[in-house]
Amino acid sequence: MSDIAYLNGEFLPLDQARVSVLDRGFIFGDGVYEVIPVYSRRPFRLPEHLARLRRSLNAIRLANPLADAEWTRLIHDLIARNGGEDQSIYLQVTRGVAKRDHAFPADAKPTVFMMASPLVAPSRELIEKGASAITATDFRWLRCDVKATSLLANCLLRQHALDAGADEVVMFRDGSLTEGSASNVFVVKRGVLLAPPKNQLVLPGITYDVVLELAAAKNVPSEVRKIPEDEVRNADELWLSSSSKEVLAITTLDGRPVGSGRPGAVFKLIHQAFQDFKRKVMRQAA
Ligand code: PDD
């Protein structure tokens, strides 16, 4: 795969892409982003990712620099120029370059940046064994529904997990489950899939929606509601979902096995449904 990026109207090699140190993305983390998985050179759920981008831009009071048709055209162009079958498209929009001042600049032009990297799906071993997680207090801000580039808290939390030898954190705020540092989290108890509601405390995951749709299609009952910490600790199954990890079982939490300590039956059903669904969508788009 080549390393072609897009920056402010131009395609160029990633290592030649430059932005000013005064970019508000660099100075303040004043920007939003998306990560879009690409399977067989086709972006997965692109309209949904673009809708979430609009929502994030709206929340930070930044006008969308491009129409959806233009985003779509540029993303397809970027995929073609990079050439890999399965890719991960990263895009970000910042409030642009301006003299450092917290107040919004009157006339800055947003910086639009995109890059593509190979999409590395979880290994067979990880799918069959499951991931490990530790719990942590969610100390992020109160607008976790905005996919903002200011991710310092998420980085600290992920590193906290890695330092403990775990793959991800499972976070609680005021005694209820929120999500992971870069993933949504689900619980299965007595065959029922539980998901925290989409509110300002969690990112409205695109994969989260796919998981709930597949559960409905497979007649797995689900409940979207507040999930107290003890329900997470006593879960039969725990999963995470994201654009890069798809759906993955968490089989140890704080060093203790989740349920049987192996990916559960409901996970296997939905994981397989996800693979089938992906293939079907890609065939339809062909
Ligand atoms: N992260 N919650 C958080 C905090 C996330 O950062 C992500 C995704 C998700 C899952 O959302 P989706 O299903 O739309 O990928 C939930 C991306 C992959 C990242 O930051 O790299």
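A quick note: this is a predicted structure, and the numbers were derived from the prediction, not measured.

1. Topic: the packing of aromatic side chains
Taken as a whole and assessed by the stated rule, the structure comprises eight aromatic pairs. Here the aromatic rings of Y39 and F44 are separated by 5.6 Å at their centres, their planes lie at 75°, and the arrangement is edge-to-face. Residue classification places Y39 among the buried residues on the basis of a relative accessible area of 5%. Plain terms: the ring middles of W239 and F267 are 6.1 Å apart, the flat faces sit at 70° to each other, and that makes the pair edge-to-face. Of the two residues, W239 sits in strand β13 (residues 237-242) while F267 sits in helix α8 (residues 265-285), which places them 28 residues apart along the sequence. The exposure classification of W239 matches that of F267, with both residues buried. Of note, R81 hangs over the ring of F11, and the distance from its end group to the ring centre comes to 4.0 Å. Its end group placed over the ring of F104, R95 keeps NZ or CZ at 3.6 Å from the ring centre.

2. Details of the domain arrangement of the protein chain
With domains assigned, the protein chain is organised as domain 1 (4-118) and domain 2 (124-283). Averaged C-alpha coordinates put domain 1 and domain 2 at centres separated by 26 Å. Residue-level contacts link 21 residues of domain 1 with 20 residues of domain 2. Counting each side, the surface lost to burial between domain 1 and domain 2 is near 1,900 Å², with a carbon and sulfur contribution of 62%. Of all residues in domain 1, Y33, R45 and R52 bury the most surface against domain 2, accounting for 33% of the area lost on that side. Where domain 1 touches domain 2, the interface holds two salt bridges. Note that D145 and R55 form a salt bridge whose closest N and O atoms lie 3.3 Å from each other.

3. Some thoughts on the sheet that holds strand β3 (residues 31-39)
Reading across the sheet, the six strands line up as β2-β1-β6-β5-β3-β4 and stay open at both edges, with antiparallel pairing between neighbours. On the outer flanks of this sheet lie β2 (10-13) and β4 (42-43), each paired with one strand and no other. Bridge count for strand β1 (residues 4-7) against β2 is four bridges, and the pairing is antiparallel. Paired with Y6 across the strands is F11, a residue of β2. This element, helix α2 (residues 46-59), spans β3, β4 and β5 (87-94) of the sheet and lies at about 175° to β3.

4. Comments concerning the packing of α2 against helix α3 (residues 68-82)
Where α2 contacts α3, the two axes come as close as 11 Å, and the packing angle between them is 125°. What the angle tells us is that α2 and α3 run oblique. You can see that α2 and α3 cross each other, and the crossing is right-handed. Taking contact as the criterion, the partners of L46, L50, L53 and R54 in α2 are, on α3, D68, W71, T72, I75 and H76. Residues of the contact of α2 with α3, tallied by class, amount to five nonpolar, two polar and two charged.

5. Remarks on the site of the ligand
Surrounding the ligand, one finds 19 residues, the nearest of these being Y33, R52, E179, T207 and S243. I206 has a polar backbone atom sitting 2.9 Å from an oxygen atom of the ligand. T207 has a polar side-chain atom sitting 2.5 Å from an oxygen atom of the ligand. Relative to its free-state accessible area of 470 Å², the ligand is covered by the protein chains to the extent of 89%. If you list the elements that add at least two residues to the shell around the ligand, you get β3, α6 (206-217) and β13. Shared between two domains, the shell around the ligand holds at least three residues of each, these being domain 1 (4-118) and domain 2 (124-283).

6. Considering a nonpolar patch on the surface
On the surface, V21, L22, F26, I27 and V97 cluster together into a nonpolar patch covering about 450 Å² of accessible area. Note on placement: I27 falls in helix α1 (residues 24-28).

Quick notes on the rules
Residues numbered from 1 in each chain as written. Predicted model: local features only at pLDDT ≥ 70, side-chain atom pairs only at ≥ 80, totals over all residues. Heavy atoms only, no water. Phe/Tyr/Trp six-rings, centres within 6.5 Å; stacked < 30°, edge-to-face > 60°. Buried < 20%, exposed > 50% of the residue type's maximum accessible area, 1.4 Å probe, protein only. Helix = DSSP H or I, 4+ residues; strand = E, 2+ residues; numbered from the N terminus. Lys NZ or Arg CZ within 6 Å of the ring centre and 35° of its normal. Domains from an automatic or database assignment. Contact = heavy atoms within 4.5 Å. Buried area = accessible area lost by both parts, 1.4 Å probe. Salt bridge = Lys/Arg side-chain N within 4 Å of Asp/Glu carboxyl O. Pairing = 2+ DSSP bridges. Axes fitted to C-alpha atoms, helices over the stretch in contact; angles between N-to-C directions. Parallel < 35°, antiparallel > 145°, perpendicular 65-115°, else oblique. Left-handed = near helix turned anticlockwise from the far one by under 90°. Nonpolar A, V, L, I, M, F, W, Y, C, P; charged D, E, K, R; others polar. Near = heavy atom within 4 Å. Polar contact = N/O pair within 3.5 Å; in protein donor to acceptor, adjacent residues only side chain to side chain. Areas by Shrake-Rupley, 256 points an atom, 1.4 Å probe, with all protein chains shown as cover. Patch = residues over 30% accessible without salt bridge, like charges linked within 9 Å, V, L, I, M, F, W, Y side chains within 5 Å.

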